[in-house]
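Residue-level structural notes
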Amino acid sequence: MIKIKVPATSANMGPGFDTLGIALDLYNEFTVEEIDNSLEFVGFEEAFMNKNNLVYTSMMKTFDVIGYKPRGLRIGISNNIPVSRGLGSSAACILGGVIGANELAGQVLSKQQILEIATELDGHPDNIAPALFGGMTTAVKTNNQVFCDKINLSKGVKLCALIPNFHLATKKARAALPTTIPHADGVFNVGRVALLVTALANGNFDLVKVACEDKLHEPYRGNLIADYENIITKGKSLNPLGIFLSGAGPTIMVLLKEDDVNFNKNITSYLNTLENSWEVKELNVDYSGSTISIV
Ligand code: HSE
């Protein structure tokens, strides 16, 4: 049996809409096995034990590309990434499926091909790239290719995810975006995304606060998330390195110096006063990306 371990990811990182992403040390594990003439699911919720299962559909798409026909499949999951919270749970399922299928079919795909198949299935590369390669990545998708690079992230940072007990579907969060933006907003983001990349690579942490600002998606998505403005205002008052919406939300992600102990304590007290429940989860950067083992 083959096991694929895939990290959670936080996409966009403020200004880097559909481009920047970072892998986190929170993992889903998938197992795949070719069996005789049946389809079996292990560890999934009842609602996902059918042919619409994202791991299964991603495997079948990959088998089509390779030209391999499995007799039957047993697919398992150990799920730790919260679903529909902006932490890359769909990207993890897609990568689990694409990598799993490639392993069963004899490892015929390169990592670049895995990146491109998974990005096509997910729609955007900013969760797929870090989940596959680990660390912090930049990625750009053209019509038929994905261009991706890994940032040499400076040591000394950790992350803190503020995860609410409600979901936000990416489709709904993308529908809230305008079809055009003012030129000045584009300029605002271009500068910040460049500044964020150099600041995090060079360890110039004082620049991160301004560099995390965004005008492309956060202003349009905030009102889909209960207490968003209040949490951002409170969060900023505690002086983290930076704060941004994780992917399409609703999780809010905070960049902290690794020795910061006050942020967690203070934001937890504040979140406990709100109507919805919010989990505060400190995370480190995952540098390994997706890994494969035989079990
Ligand atoms: N860049 C995508 C978005 C990430 O913000 O819609 C979705 O996970």
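Residues numbered from 1 in each chain as written. Predicted model: local features only at pLDDT ≥ 70, side-chain atom pairs only at ≥ 80, totals over all residues. Heavy atoms only, no water.

Naming follows an unreviewed UniProt entry, where the protein appears as Homoserine kinase of Clostridium cellulovorans. Per UniProt, the comment on the protein under Function (unreviewed entry) is "Catalyzes the ATP-dependent phosphorylation of L-homoserine to L-homoserine phosphate." (UniProt positions renumbered as here; feature names shortened; annotations may be inferred.)

**Remarks on the overall build of the protein**
The helix and strand inventory of the protein stands at 10 helices and 11 strands. Its C-alpha atoms give the protein a radius of gyration of 19 Å, within 12% of the compact-globule value 19 Å for 295 residues. Taken over the C-alpha atoms alone, the protein extends approximately 60 × 40 × 35 Å along its principal axes. Accessible area for the protein stands at about 13200 Å²; split by element, carbon and sulfur atoms hold 49% of it. Put simply, the protein has 25 plus and 30 minus side-chain charges, and the middle of one group is 1 Å from the middle of the other. (Helix = DSSP H or I, 4+ residues; strand = E, 2+ residues; numbered from the N terminus. Rg over C-alpha atoms; globule rule 2.2 N^0.38 Å. Areas by Shrake-Rupley, 256 points an atom, 1.4 Å probe, with all protein chains shown as cover. Lys, Arg positive; Asp, Glu negative; His and termini not counted. Charge placed at Lys NZ, Arg CZ, Asp CG, Glu CD.)

**With respect to the layout of surface pockets**
Of the volumes computed, that of the largest pocket is approximately 740 Å³. Among the secondary structure elements, those contributing two or more residues to the lining of the largest pocket are helix 1 (54-66), helix 2 (89-104), helix 4 (125-133) and helix 5 (170-175). No other element matches the five residues that helix 2 contributes to the lining of the largest pocket. Residues belonging to the lining of the largest pocket are distributed by class as follows: 16 nonpolar, 17 polar and seven charged. No fewer than three residues from each of domain 1 (2-151 + 286-294) and domain 2 (157-283) sit in the lining of the largest pocket. The calculated volume of the second largest pocket comes to roughly 260 Å³. Every residue lining the second largest pocket is counted, 14 residues in all, and those nearest its centre are E213, E218, I232, K236 and I243. Elements that contribute at least two residues to the lining of the second largest pocket include exactly helix 8 (218-221), helix 9 (228-237) and strand 8 (242-245). A per-class count over the lining of the second largest pocket returns seven nonpolar, one polar and six charged. (1 Å grid on protein atoms, 1.4 Å probe; cavity = no way out; pocket = protein on both sides within 12 Å on 5 of 7 lines; lining within 4 Å. Points joined across faces, edges and corners; volume = space filled by probe spheres on them. Nonpolar A, V, L, I, M, F, W, Y, C, P; charged D, E, K, R; others polar. Domains from an automatic or database assignment.)

**Some points on the site of the ligand**
Contacts to the ligand come from N12, F17, D18, H124, D126, N127, T170, R174, R221, G247 and A248. Take R221: an N or O atom from its side chain is 2.8 Å from an oxygen atom of the ligand. Placement of the ligand is best described as lying within the largest pocket. When contributions to the shell around the ligand are tallied by element, the ones reaching two or more residues are helix 4 and helix 5. A breakdown of the residues in the shell around the ligand according to their chemical character gives two nonpolar, five polar and four charged. When residues of the shell around the ligand are assigned to domains, at least three map to each of domain 1 (2-151 + 286-294) and domain 2 (157-283). (Near = heavy atom within 4 Å. Polar contact = N/O pair within 3.5 Å; in protein donor to acceptor, adjacent residues only side chain to side chain. Sits in = over half its atoms within 2 Å of the grid points.)

**Thoughts on the side chain of K158**
Relative to the helices and strands, K158 is located in strand 7 (residues 157-164). In this structure the side chain of K158 is engaged in a polar contact, spanning 2.7 Å, whose partner is the backbone oxygen of D260. Not counting residues within four places of it along the chain, the set of residues in contact with K158 comprises V254, L255, L256, K257, E258, D260, E282, L283 and N284. (Contact = heavy atoms within 4.5 Å.)

**Notes on the domain arrangement of the protein**
Here the protein is described as being made up of domain 1 (2-151 + 286-294) and domain 2 (157-283). Once you take the C-alpha centre of each, domain 1 and domain 2 turn out to be 25 Å apart. The partner domain 2 presents 36 residues to the 25 residues of domain 1 that form the contact. With both chains or domains summed, domain 1 and domain 2 bury close to 2100 Å², and 68% of this area falls on carbon and sulfur atoms. Summed over the three residues of domain 1 that lose the most area to domain 2, namely P15, F17 and R85, the buried surface amounts to 30% of that side. Between D18 and R174 there is a salt bridge; the shortest N-O distance is 2.8 Å. Our count for the contact surface shared by domain 1 and domain 2 stands at 14 residue pairs in polar contact (both at pLDDT 80 or more). Elements with a contribution of two residues or more to the side of domain 1 that touches domain 2: strand 1 (2-11), strand 2 (20-35) and strand 5 (136-141). Broken down by element, the side of domain 1 that touches domain 2 gets its largest block of residues, five residues, from strand 2. Residues that form the side of domain 1 that touches domain 2 fall into these classes: 13 nonpolar, nine polar and three charged. (Buried area = accessible area lost by both parts, 1.4 Å probe. Salt bridge = Lys/Arg side-chain N within 4 Å of Asp/Glu carboxyl O.)

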